[in-house]
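Examining the three-dimensional arrangement
Letter by letter, the chains look like this.
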Amino acid sequence: MQITVSSVIHGALAAATVASAIPTSRGKGQSHARLNIELGPRVEYLINDMDKGWLKNKLSSCLDNEVATTKFSIGHRGGACLQFPEETLESHMAGMRMGAGIEECDVAFTRDRELVCRHDQCDLHTTTNIVATPLGAKCTTPFQPASGGKAATAYCCTSDITLAEFKTLCGKMDGFNASATTPEDYLHGTPSWRTDLYATCATVLSHKEFIQAIDARGLQFTSELKQPRVPMPFEGNYTTEQYEQQIVDEYIEAGIHPSRVWLQSFVFQDVAYWLKHAPQFGKQAILLDESGDAPGTIDGAAANLTFYKSSGVRIVAPPVPYLLSVDDKGEYVPSHYAKTAKKLGLDIITWSLERSGPLKQAAAQGDYYYSTIVNGTHKDGDLFRVIDVLARQVGVLGIFSDWSASVTFYANCFGLF
């Protein structure tokens, strides 16, 4: 698939206004273009690594079944960044090929106020080749080599450059070499359990290009409004409200029906804005939750759910460890947070699987995504136990994953579409 780069819009946006009409020409987009879904060998590897039991038997019985795209499988940063550079066309294409029915673009803005797909406004130094290009001189903090026991540093933001400049960059696997003495050496640092095989020069995307690419397959979208890393209003005249509205306007301009769009933010005020000013999109907006990360704060995070529900939020998205605990037998079970959300009638989406490397290693190191279930996690095959409890006992609507095939396979095996 070839994507045509949209022309760059210069200058500040006009004050945010509510669109007078919602596009309906494409319908609700509940069907999708037929794809020959390919899962690869990882699914069977994981099943073979499971303990004996009914779940392993059930999943094994589905190995030769035909597989279809499912909205239960959400492509995190594209859905293939276990092996492909995140937030790139290549990651999206692989995620869609592995059956992800919803694709994610994390949204940040450029210096000329264009929206682009990046997990953080200021991660270009670890996810692209910017430090080894002339644009590196425009970074907030240009590359500084390791010296005298101090690590190499750089800090590069989408707001440092224009959209046209952003589009000249190559996406790479997230990582950096802290001992680097040259910009080229700084680009290294991919974790050993990932790969640079497909990181030759991945295609970075604007938000408009992301919409075009996913719409071409008739699939659904989830765009996360990333928190700005620069003071707002940006350069005095680009406000948070304009930023919140711009992400909506780009879907409207592309003719995308709101039922196909799942906006996200960690900031309650963003979701509240959409609920008030773009209610057709706001009713399916997702409030991401990381308020229980600090020690002793998870009960407070669960208590906050009552406020979110009363404020009109319908969907919350905590990380996997908020939703799972381990019982006396070492089995995964729904957590207090999960039970509270379901009791309040909130829908749940969760993130993110397959970001942690080998699970034996992840458990031993107290990896964030397994922090509440380390005592029940022993090997890679336990991934399907995690998915199973999230799906059947917690009742999540969908799961973000860095390798969409695993969630897609489970969803197909259990009829979750």
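Here, the structure is the one placed above.
First, a word on what this report is: a plain description of the structure on this page. From a predicted model like this one, the values you see are computed outputs, not experimental measurements.

1. Some remarks on the state of the cysteines
Using the criterion set out here, one finds five disulfides in the structure. One disulfide in the model links Cys62 with Cys413; its S-S distance is 2.1 Å. Here the S-S torsion is close to 70 degrees, and the disulfide linking Cys62 with Cys413 is therefore right-handed. With Cys62 in the loop between helix H2 (54-61) and strand E1 (70-75) and Cys413 in helix H16 (residues 405-413), this residue pair connects regions lying 351 residues apart in the sequence. Here Cys62 matches Cys413 in class, with each residue buried.

2. As for the pairing of strand E14 (residues 347-353)
The element E14 is largely enclosed, with a buried count of six among its seven residues. Of the strand pairs in this sheet, strand E11 (residues 315-317) and E14 are connected by two bridges, and their pairing is parallel. The partner of Val316 across the bridge, within E14, is Ile348. Judged from the three bridges that link them, E14 and strand E15 (residues 398-401) form a sheet pairing that is parallel. Paired with Leu353 across the two strands is Ser401, which belongs to E15.

3. Considering the packing of aromatic side chains
Inspection of every chain in the model, using the stated rule, returns 19 aromatic pairs. Here Phe84 and Tyr198 contribute two aromatic rings whose centre-to-centre distance is 4.3 Å and whose plane-to-plane angle is 10 degrees, an arrangement assigned as stacked. Of this pair, Phe84 sits in the loop between E1 and helix H3 (89-97) while Tyr198 sits in the loop between helix H6 (183-186) and strand E7 (202-203), placing them 114 residues apart in sequence. We classify Phe84 as buried; its relative accessible area is 16%. Among the residues examined, Tyr198 registers a relative accessible area of 36% and is labelled partly exposed. Site record: aromatic cluster; members linked through ring pairs are Phe109, Phe234, Tyr238 and Tyr243. The cationic tip of Lys58 hangs over the ring face of Phe414; the distance from NZ or CZ to the ring centre is 5.5 Å. The side chain of Arg385 reaches across the aromatic face of Tyr332, ending 4.0 Å from its centre.

4. Describing H3
An α-helical turn contains 3.6 residues, so a residue and the one three or four places further along point in the same direction. Listing the buried residues of H3 in full gives Leu89, Ser91, His92, Ala94, Gly95 and Met96. Those residues of H3 hidden inside the fold are in contact with strand E2 (100-109), E7 and helix H7 (207-215). Where H3 terminates, the next one or two residues include Gly99, which has phi positive at roughly 95 degrees.

5. Here we look at the packing of H3 against H7
Relative to each other, H3 and H7 sit at 25 degrees, their axes nearing to 11 Å. By the criterion of interaxial angle, the relationship of H3 to H7 is roughly parallel. The element H3 and its partner H7 pack so that their crossing is right-handed. For the pair H3 and H7, the contacting residues are Leu89, His92 and Met96 in the first and Phe210, Ala213 and Ile214 in the second. When its residues are assigned to classes, the contact of H3 with H7 shows five nonpolar, one polar and no charged.

6. What about the pattern of salt bridges?
The final tally for this structure, using the stated rule, is 15 salt bridges. Across the salt bridge formed by Asp215 and Arg260, the nearest N and O atoms sit 2.9 Å from each other. Here the residue Asp215 occupies a position in helix H7, and Arg260 occupies one in the loop between helix H8 (240-253) and strand E9 (264-265), the gap between them amounting to 45 residues. We note a salt bridge from Arg355 to Asp402, for which the minimum N-O separation is 2.6 Å. Pair noted here: Arg355 is in the loop between E14 and helix H14 (359-364) and Asp402 is in the loop between E15 and H16, with a separation of 47 residues, a long-range link.

7. A few points about unusual backbone geometry
A cis geometry characterises the amide bond from Met232 onward to Pro233, with omega recorded as 0 degrees. With respect to the helices and strands, Pro233 occurs in the loop between strand E8 (220-225) and H8. A positive phi angle, close to 60 degrees, is found at Arg113, a residue other than glycine. Here Arg113 shows up in the loop between E2 and strand E3 (115-117). On the basis of relative accessible area, Arg113 is assigned to the buried category, the value being 8%. For Glu354, which is not a glycine, the phi torsion comes out positive at approximately 60 degrees. Mapping Glu354 onto the fold places it in the loop between E14 and H14. Relative accessible area serves as the criterion here: at 6%, Glu354 is assigned to the buried category.

Parameters and conventions
Residues numbered from 1 in each chain as written. Predicted model: local features only at pLDDT ≥ 70, side-chain atom pairs only at ≥ 80, totals over all residues. Heavy atoms only, no water. Disulfide = S-S within 2.5 Å. Helix = DSSP H or I, 4+ residues; strand = E, 2+ residues; numbered from the N terminus. Buried < 20%, exposed > 50% of the residue type's maximum accessible area, 1.4 Å probe, protein only. Pairing = 2+ DSSP bridges. Phe/Tyr/Trp six-rings, centres within 6.5 Å; stacked < 30°, edge-to-face > 60°. Lys NZ or Arg CZ within 6 Å of the ring centre and 35° of its normal. Contact = heavy atoms within 4.5 Å. Axes fitted to C-alpha atoms, helices over the stretch in contact; angles between N-to-C directions. Parallel < 35°, antiparallel > 145°, perpendicular 65-115°, else oblique. Left-handed = near helix turned anticlockwise from the far one by under 90°. Nonpolar A, V, L, I, M, F, W, Y, C, P; charged D, E, K, R; others polar. Salt bridge = Lys/Arg side-chain N within 4 Å of Asp/Glu carboxyl O.

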